[in-house]
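The chain contents come next:
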Amino acid sequence: MRWLMADKGGLVMLAVLAVVVIVVPLANLVIPPDSALHVSTYTVTLLGKYLCYAVLALALDLVWGYCGVLSLGHGAFFALGGYAMGMYLMRQIGERGVYGHPVLPDFMVFLDWQALPWYWYGFDMFWFAVLMVALVPGLLAFVFGWLAFRSRVTGVYLSIITQALTYALMLAFFRNEMGFGGNNGLTDFKDLLGFDLQADATRVALFLSSALLLALAYLACRAVVGSRLGRVVVAVRDAENRARFLGYRVEYFKLWVFTFSAVLAGLAGALYVPQVGIINPGEFQPLNSIELVIWVAVGGRGTLWGAAAGAVLVNYAKTSFTAVLPEVWLFALGALFVLSTLLLPRGLAGLLRRRGGAS
Amino acid sequence: MTPSFMRRDRVFDFLAPPLPPDALLDTSHGPILYLEDISVSFDGFKALDALNLYIDDGELRCIIGPNGAGKTTMMDVITGRTRPDAGSAWFGSRIDLLRLDEPAIAKAGIGRKFQKPTVFENLNVVENLELATHGDKAVWRTLVARMDAALRDAIEGVLATIGLEADAYREAGALSHGQKQWLEIGMLLMQRPRLLLLDEPVAGMTHEEIERTAELLQRLAGEHSVVVVEHDMEFVRSIARKVTVLHEGCVLVEGDMATVQADPRVIEVYLGE
Ligand SMILES: Nc1ncnc2c1ncn2[C@@H]1O[C@H](COP(=O)(O)OP(=O)(O)OP(=O)(O)O)[C@@H](O)[C@H]1O
Ligand SMILES: [Mg+2]
């Protein structure tokens, strides 16, 4: 617990999270809609989305901020987690689909498929889907990382192949014959574990789950970063060869962190999908992964709470901005990235730290 | 010859308890390090040309030579960073260095200080030493590793040796150049290597720091074997028992300092610069 007490930024973040977790559900479920203090279900879901992004940012910060591996394809792991959850939600629809087929999702009936492809088996069970949410991104990251790190691919080259990875997945998922709904993706979800996804209470529960996931993910990342492994990882980032000559198998450390991070990203994606109600190949777009990098850069890479805060702030800005001037957003985002890189190399967290004078 | 798995006087290799890597090190037959006919070329340029070098157990050896003589390349070969085109490299009489990678060589007991001091700048001095500690360096072990009393004692001991007690909790990046050099030597000591390779350990140090380093290295020899590459002649003179002069990738002269300095070939090489 000592490491937690020393982590002021993290404590503040968890405290804010605790307050939000108490206030928001009350304001949505208890305070009547005509009151000025009422929080709409739309807002609850929006906040839930931000929290999922914050978990994703933590995941990226671990590999980029701490291990120095700039992944430009982390959105892929998020999307895969989302697809795994989406498959469960599709199977929950059952006979309520447009075509009323008891087993096949609508898009398969539409494609004239007769039977469920083998990789859709088991997704009618929640535990299996949850397992896949962690396993699929984890396995992909493991295999990919094994190949890349073992051949000592680093720096820009690694960033480029991660980008290629997410792009390739996007193209694959666009295809109808892949069996993931083609470019429409998976949508029209009805319920999760028997709870109606449109109900306010379910929305609040999903929001709370996202907050819980963020808190747990934060503590897990904190524990990793505070352990000797965390220091080895920083050592690898700063002087990879030195670490090697001390006897550390640098590749294994990178692989472990990369895989752990991919699992976290997958979990975030899994909670994201029931809240937004759709998952489609667009989630694999390289642009998403790049935006993610910007959240972390703005928040402050190398500080976990900074990355999480960056994700929430930038996405809040995006929501506000796109409501007024949608076409300007990308320019604003680019400017934000350039400015934060030039003026705030340690992001907002670095700025606060300098102000506070403490580390 | 009977294959080893059929011999009745032996247990199967995979059943035998794993040997600690340094248990393999066998110096009973003489030198701790053998380099024989090592050649390395970079795009046709021969950085090492059939180099032969033997270091005795417990010896303190200085290696000098003009810029580009191949001194750093030789260390790269010993530590597994560069694979030679030809030749053999043995650590003791049993460990074939050319079949191991960097972490395995480090584990076998060879520690290396880089020419440019490399410490982990964003970690403090104690953390730098902690990471260097001798022991299991597998991922899971480091995740659950704790700072125990033995480790703390070891760190305190090394801090005293390298004179950085007062800076124990400073970030390594904030240390002076000389202090970084010492920290790096301290990290090597934490590894408990049998053979220490030091590439220009006194570069950028003040006079006083150089003297302290010389003292430190002399203390280390005996218990460890130490190979020092240096340009600073005064420093070499103050510590050297045996000096090897490298030139254009092979050994030019070997002997005590006086012999080496008087050798016309050495004078020519150094004056020729
Ligand atoms: N990776 C490399 N690629 C190409 N050439 C190299 C490489 N490493 C070393 N060399 C060349 O090999 C030669 C020997 O280099 P090395 O670094 O071993 O010299 P050195 O004796 O350590 O010199 P110094 O005293 O300047 O440190 C030099 O001419 C250098 O340019
Ligand atoms: Mg050199």
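Residues numbered from 1 in each chain as written. Chains lettered and ligands numbered in written order. Predicted model: local features only at pLDDT ≥ 70, side-chain atom pairs only at ≥ 80, totals over all residues. Heavy atoms only, no water.

*Asks:* Can you help me understand the overall build of chain B in this one?
*Replies:* For chain B, the helix and strand inventory stands at 10 helices and 10 strands. Considering chain B as a whole, with its 273 residues, one finds that 51% of them fall into the buried category. Considering only residue pairs separated by 6 or more positions, chain B has 67% of its internal contacts joining residues 24 or more positions apart. When the accessible surface of chain B is split by element, carbon and sulfur atoms take 52% of a total near 13,100 Å². (Helix = DSSP H or I, 4+ residues; strand = E, 2+ residues; numbered from the N terminus. Buried < 20%, exposed > 50% of the residue type's maximum accessible area, 1.4 Å probe, protein only. Contact = heavy atoms within 4.5 Å. Areas by Shrake-Rupley, 256 points an atom, 1.4 Å probe, with all protein chains shown as cover.)

*Asks:* Whenever I open this one, the site of ligand 1 confuses me. Can you help?
*Replies:* Residue and element names in this part refer to chain B. In the vicinity of ligand 1 there are 13 residues, among which Asn67, Lys71, Thr72, Thr73 and His231 approach most closely. A distance of 2.9 Å is found between an oxygen atom of ligand 1 and a backbone nitrogen or oxygen belonging to Gly68. His231 is positioned such that a nitrogen or oxygen atom in its side chain is 2.7 Å from an oxygen atom of ligand 1. Burial of ligand 1 by the protein chains amounts to 62% of its free accessible area of 640 Å². Among the secondary structure elements, those contributing two or more residues to the shell around ligand 1 are strand E2 (45–55) and helix H1 (71–78). Considering each element in turn, the shell around ligand 1 owes the most residues, 3 residues, to H1. (Near = heavy atom within 4 Å. Polar contact = N/O pair within 3.5 Å; in protein donor to acceptor, adjacent residues only side chain to side chain.)

*Asks:* Would you mind showing me how to read the packing of helix H9 (residues 228–238) of chain A against helix H11 (residues 250–276) of chain A here?
*Replies:* Two numbers describe a pair of packed helices, the interaxial angle and the distance between the axes. All names here are of chain A. One can describe the packing of H9 onto H11 by two numbers: an axis separation of 10 Å at closest approach and a directional angle of 115 degrees. Taken together, the axes of H9 and H11 are roughly perpendicular relative to one another. Seen along the crossing, H9 lies across H11 with a hand that is left-handed. Residues Leu229, Val232, Val233 and Val236 of H9 form the contact with H11, whose own contacting residues are Val250, Phe253, Lys254, Trp256 and Val257. (Axes fitted to C-alpha atoms, helices over the stretch in contact; angles between N-to-C directions. Parallel < 35°, antiparallel > 145°, perpendicular 65-115°, else oblique. Left-handed = near helix turned anticlockwise from the far one by under 90°.)

*Asks:* Mind showing me how you'd approach the coordination of the magnesium ion (ligand 2) here?
*Replies:* In an ideal octahedron of six donors the angles at the metal are 90 or 180 degrees, and in an ideal tetrahedron of four donors they are 109.5 degrees. Residue and element names in this part refer to chain B. Only Thr72 (OG1) and Gln115 (OE1) from the protein reach the magnesium ion (ligand 2) as donors, at distances of 1.9 to 2.3 Å. A residue pair is termed long-range when its members are at least 10 positions apart, and Thr72 in helix H1 and Gln115 in the loop between strand E6 (110–113) and helix H3 (125–132) qualify at 43 residues. Its relative accessible area of 28% is what places Thr72 among the partly exposed residues. (Donors = N, O, S within 2.8 Å, 3.2 Å for Na, K, Ca; no water.)

*Asks:* It is not clear to me how the interface of chain B and chain A should be interpreted in this structure. Could you clarify?
*Replies:* Note on interface size: it is often stated as the accessible area lost on association of the parts. In this complex, chain B contributes 35 residues to the contact, which on the side of chain A involves 24 residues. Here chain B packs against chain A, burying approximately 2,700 Å² in sum over the two surfaces, 63% of which is carbon and sulfur. If you sort the residues of chain B by the area they bury against chain A, Phe120(B), Leu131(B) and Val139(B) come out on top, with a joint share of 22%. There are 11 residue pairs in polar contact (both at pLDDT 80 or more) connecting chain B and chain A. Elements represented by at least two residues in the side of chain B that touches chain A include exactly helix H2 (102–108), E6, H3, helix H4 (139–144) and helix H6 (177–190) of chain B. Considering each element in turn, the side of chain B that touches chain A owes the most residues, 5 residues, to H2(B). (Buried area = accessible area lost by both parts, 1.4 Å probe.)

Everything listed here is a matter of coordinates, which is why it stays silent on function.
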